[in-house]
Amino acid sequence: MSAVVDERRYLIPFRSTLLPQIFCDVLVIGGGVAGMRAAIEAADRGADVIVLTKSPLDRTNTSWAQGGVAGVFEGAADTVEAHVHDTLVAGAGLCDEGVVREVCSAGGAALEEIAAWGMRFDRDGDGTLNAGREGGHSASRVYHAGGDATGVELQRVLTDRVRASEHVRVFLDCFALDMITPSDAEGAPVLGAVTHHPRFGLQMVWAKSTVLASGGAGQVYRETTNPRGATADGIAMAYRAGAAVADMAFVQFHPTVLYVPGAARTLISEAVRGEGAHLLDDAGERFMVGAHDLAELAPRDVVSRAIVARIADQGGGNVWLDCRHMDSFAGRFPGIDAALKRFGLDAARELVPIHPAAHYTVGGVRADLDGRTNVPGLYAVGEASCTGLHGANRLASNSLLEGLVAGARAGAMAADGAGNGSGPPKIVSDIRPSDQGELDLIDVRSSLRSAMWKNVGVERTGAKLRDAVEMLAFWARYTLDKIFDDPEGWEVQNMLLVGSLIARSAAHRDERRGCHWRLDADGPAEPAHHDVWRRGSAEPRAERVRTDGTPGVVVPDRAGVRK
Ligand SMILES: Cc1cc2nc3c(=O)[nH]c(=O)nc-3n(C[C@H](O)[C@H](O)[C@H](O)COP(=O)(O)OP(=O)(O)OC[C@H]3O[C@@H](n4cnc5c(N)ncnc54)[C@H](O)[C@@H]3O)c2cc1C
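From a predicted model like this one, the values you see are computed outputs, not experimental measurements. (Residues numbered from 1 in each chain as written. Predicted model: local features only at pLDDT ≥ 70, side-chain atom pairs only at ≥ 80, totals over all residues. Heavy atoms only, no water.)

Asker: I'd like to hear about the pattern of salt bridges, residue by residue, with values.
Answerer: Tallying each qualifying case throughout the model produces 48 salt bridges. Here Glu 41 and Arg 37 are joined by a salt bridge, their closest N and O atoms 3.0 Å apart. Of this pair, Glu 41 and Arg 37 both sit in helix α2 (residues 33-44), 4 residues apart, which is roughly one turn of the helix. Given a relative accessible area of 17%, Glu 41 falls into the buried group. Residue class for Arg 37 comes out buried when judged on its relative accessible area of 2%. The shortest N-O distance in the salt bridge between Arg 156 and Asp 160 comes to 3.3 Å. One end of the pair, Arg 156, and the other, Asp 160, are both in helix α7 (residues 150-164), 4 residues apart, so they sit about a helical turn from each other. Given the relative accessible area of 29%, Arg 156 is considered partly exposed. Counted as one network, the salt bridges with shared partners bring together Asp 247, Arg 509, Glu 511, Arg 513, Glu 526 and Asp 531. (Salt bridge = Lys/Arg side-chain N within 4 Å of Asp/Glu carboxyl O. Helix = DSSP H or I, 4+ residues; strand = E, 2+ residues; numbered from the N terminus. Buried < 20%, exposed > 50% of the residue type's maximum accessible area, 1.4 Å probe, protein only.)

Asker: Please provide a residue-by-residue account of the domain arrangement of the protein chain, values included.
Answerer: Segmenting the protein chain into domains produces domain 1 (255-357) and domain 2 (439-554). Inter-centroid distance (C-alpha atoms) of domain 1 to domain 2 is 28 Å. At the junction of the two partners, domain 1 supplies 6 residues and domain 2 supplies 6 residues. Where domain 1 abuts domain 2, roughly 520 Å² becomes buried across the two surfaces, and 74% of that area is made up of carbon and sulfur atoms. On the domain 1 side of the interface with domain 2, the three residues burying the most area are Asp 301, Arg 305 and Val 308, jointly 73% of the side's total. Across the contact surface, domain 1 and domain 2 share 0 salt bridges. (Domains from an automatic or database assignment. Contact = heavy atoms within 4.5 Å. Buried area = accessible area lost by both parts, 1.4 Å probe.)

Asker: Explain the sheet that holds strand β15 (residues 352-361) to me, using residue names and the numbers behind them.
Answerer: Overall, antiparallel pairing links the 4 strands, which are arranged β12-β15-β14-β13 in an open sheet. Both edges of this open sheet fall to β12 (251-258) and β13 (278-280), since each of them pairs with a single strand only. Shown here is a sheet whose adjacent strand axes are inclined to one another by a mean of 45°, direction ignored. When β12 meets β15, the two strands line up antiparallel, connected through 6 bridges. Residue pairing across strands places Leu 258 opposite Ile 354, the latter belonging to β15. (Pairing = 2+ DSSP bridges. Axes fitted to C-alpha atoms, helices over the stretch in contact; angles between N-to-C directions.)

Asker: Lay out the site of the ligand with the relevant residues and their values.
Answerer: Near the ligand there are 37 residues, and of these Thr 62, Gly 67, Gly 68, Glu 383 and Ser 399 occur at the shortest range. Interatomic distance of 3.2 Å between a backbone N/O atom of Val 33 and an oxygen atom of the ligand. A distance of 3.0 Å separates a nitrogen atom of the ligand from a polar atom in the side chain of Asp 233. In isolation the ligand has 1,000 Å² of accessible area, and contact with the protein removes 97% of it. When contributions to the shell around the ligand are tallied by element, the ones reaching two or more residues are α2, β3 (49-53), α3 (61-64), β8 (175-179), α8 (233-240), β15 and α13 (398-417). (Near = heavy atom within 4 Å. Polar contact = N/O pair within 3.5 Å; in protein donor to acceptor, adjacent residues only side chain to side chain. Areas by Shrake-Rupley, 256 points an atom, 1.4 Å probe, with all protein chains shown as cover.)

Asker: Got a sec to walk through the sheet that holds strand β11 (residues 245-246)? Specific residues and values, please.
Answerer: Read from one edge to the other, the open sheet built from 5 strands follows the order β18-β16-β11-β20-β21, with strand pairing classed as mixed. Looking along the sheet, the strands with just one partner apiece sit at the ends: β18 (385-386) and β21 (541-544). Where β11 lies against strand β16 (residues 364-366), 2 bridges are found, and the strand directions are antiparallel. Looking at β16, one finds that Val 245 is bridged to Val 365.

Asker: Quick one: what's the story with the side chain of Asp 78, residue by residue and with numbers?
Answerer: The topology assignment puts Asp 78 in the loop between β4 (69-70) and α4 (80-91). The exposure class assigned to Asp 78 is buried, which follows from its relative accessible area of 8%. Other than its neighbours up to four places away in sequence, Asp 78 contacts Val 72, Phe 73, Ala 139 and Arg 141.

Asker: Can you lay out the environment of Tyr 143 for me, pointing to particular residues and giving the numbers?
Answerer: Assignment of secondary structure puts Tyr 143 in strand β6 (residues 142-143). Residue Tyr 143 is classed as buried on the basis of its relative accessible area of 8%. In this structure, the C-alpha to C-alpha distance between Tyr 143 and Asp 510, residues 367 residues apart in sequence, is 37 Å. Excluding anything up to four places from it in sequence, Tyr 143 contacts Gly 67, Gly 68, Val 69, Gly 71, Phe 73, Leu 111, Phe 121, Leu 129, Asn 130, Ala 131 and Thr 150.

Spelled out as structure tokens, the structure:
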């Protein structure tokens, strides 16, 4: 990409033989829906599995999910074909259609499976599953639990199942710094990861297969719905290990995030609008009516841009969500109601101030639906991956579904593909720190997040994107050449790398497509392509979008081709 960002293979110096060694068949980096589902599948096939998670399990993006899991039980009210259609429309010409078909077709079975594992979905009086509706969906097919606590319940069910398996060890509070490869050469396989634990220090975790399930990059933006740990570590470490990273320009902004200065950016689920909440401007006008056929339920990028435009017109920092006419807001959305009440807001009686925030990382490590990447031994799933399901914009509630479907497939592939392996090679990372002075890490982190929000946000221009690319390259010059000894520093280094990838991808895409909205472009550029970035290449490779209905297979490097 650029010399500075691409320079280092590892974040820290180490000698593998001097560190404690741990061995397993399948290493899963990440304990959210994708990682846990992969671990369950690999363990069921008899693999010895380790799951690493740097954050507590109640602080994964998965745990924070509110709206639900999308899926179709074929019948009069809905069809898989309609789900496919809605996903393709949201994806704005950049979905790989075969992947969309496979994921949507697997939705009903995935929902049944987790229900059988004990997921307490909300049900109607007659016991049938209660399906909600969200933006971009033409039918009610979003299944939820605890009203707005789907993520908490899903995380509980998967974690319980993982913990019940004698084949899985879960290492909490364990930070993966980098994936191990025997050399820096193209096609060198991933053999596990270098990790850091506050009590045990650095360790080498050797694995026959490594599944990256480390989630997204929301924290590179000042305004985000994501938890503190969504710092894009996995995408950064995969890139350093030679993995192809695609479509990073596409960051989905959620339109309705509580805007109370000084408060954490609490998401107000799309399901609230699905149940009838309105968006009002300062004059009390429902500005989405007439702006889009689906009014408040238009795709997220459309609603986010309409809000940004309305805020620009009227001044101030927010518009309003009106829930006052809804039946039993607190009963249907107990978690959101409690969060609002912590800020002295009662949605049943007053308007709620909201504005958009970065929500979902659509791009990621290029992988097929079995998690295969171009790097042998490395699988990528969930929000860290880019499988082609979401195209240029994710359809609401498709990500938990993808985590379940791709997680299971990658877990199977990783377990089956875990060969015998030979003994670990000796690996030396011999980097020297720069002789430049101390660094105020908090300042770099907040400058990066502000720059990304202002220059690479909901609305973009070539000039602002190029400014962002230059600014980030400058900060990278004196931040990426340092050696830190704790996660705070490594996270900032990873965020700078991935922020640069997002800004460069957005500058490269001289078009308006999905959630990438260039004010200085007219529409989508044809033919549509995935932009694929590799360490050491200044320019991205354009990869064709698969519209032939086949899911595609990523072939591990040697030649680095996607068939
Ligand atoms: C507020 C909110 C609401 C949402 N609502 C919905 C919804 O209703 N429906 C839907 O489909 N999607 C929703 N999403 C999106 C969805 O939750 C995520 O896309 C999905 O949960 C991602 O799952 P994952 O397993 O890929 O990653 P995550 O659940 O984010 O898990 C990532 C894991 O990786 C670990 N990790 C990261 N870096 C490292 C490292 N360096 N070392 C070790 N471990 C590491 C983390 O600790 C964590 O365990 C929502 C997201 C948010 C933020």
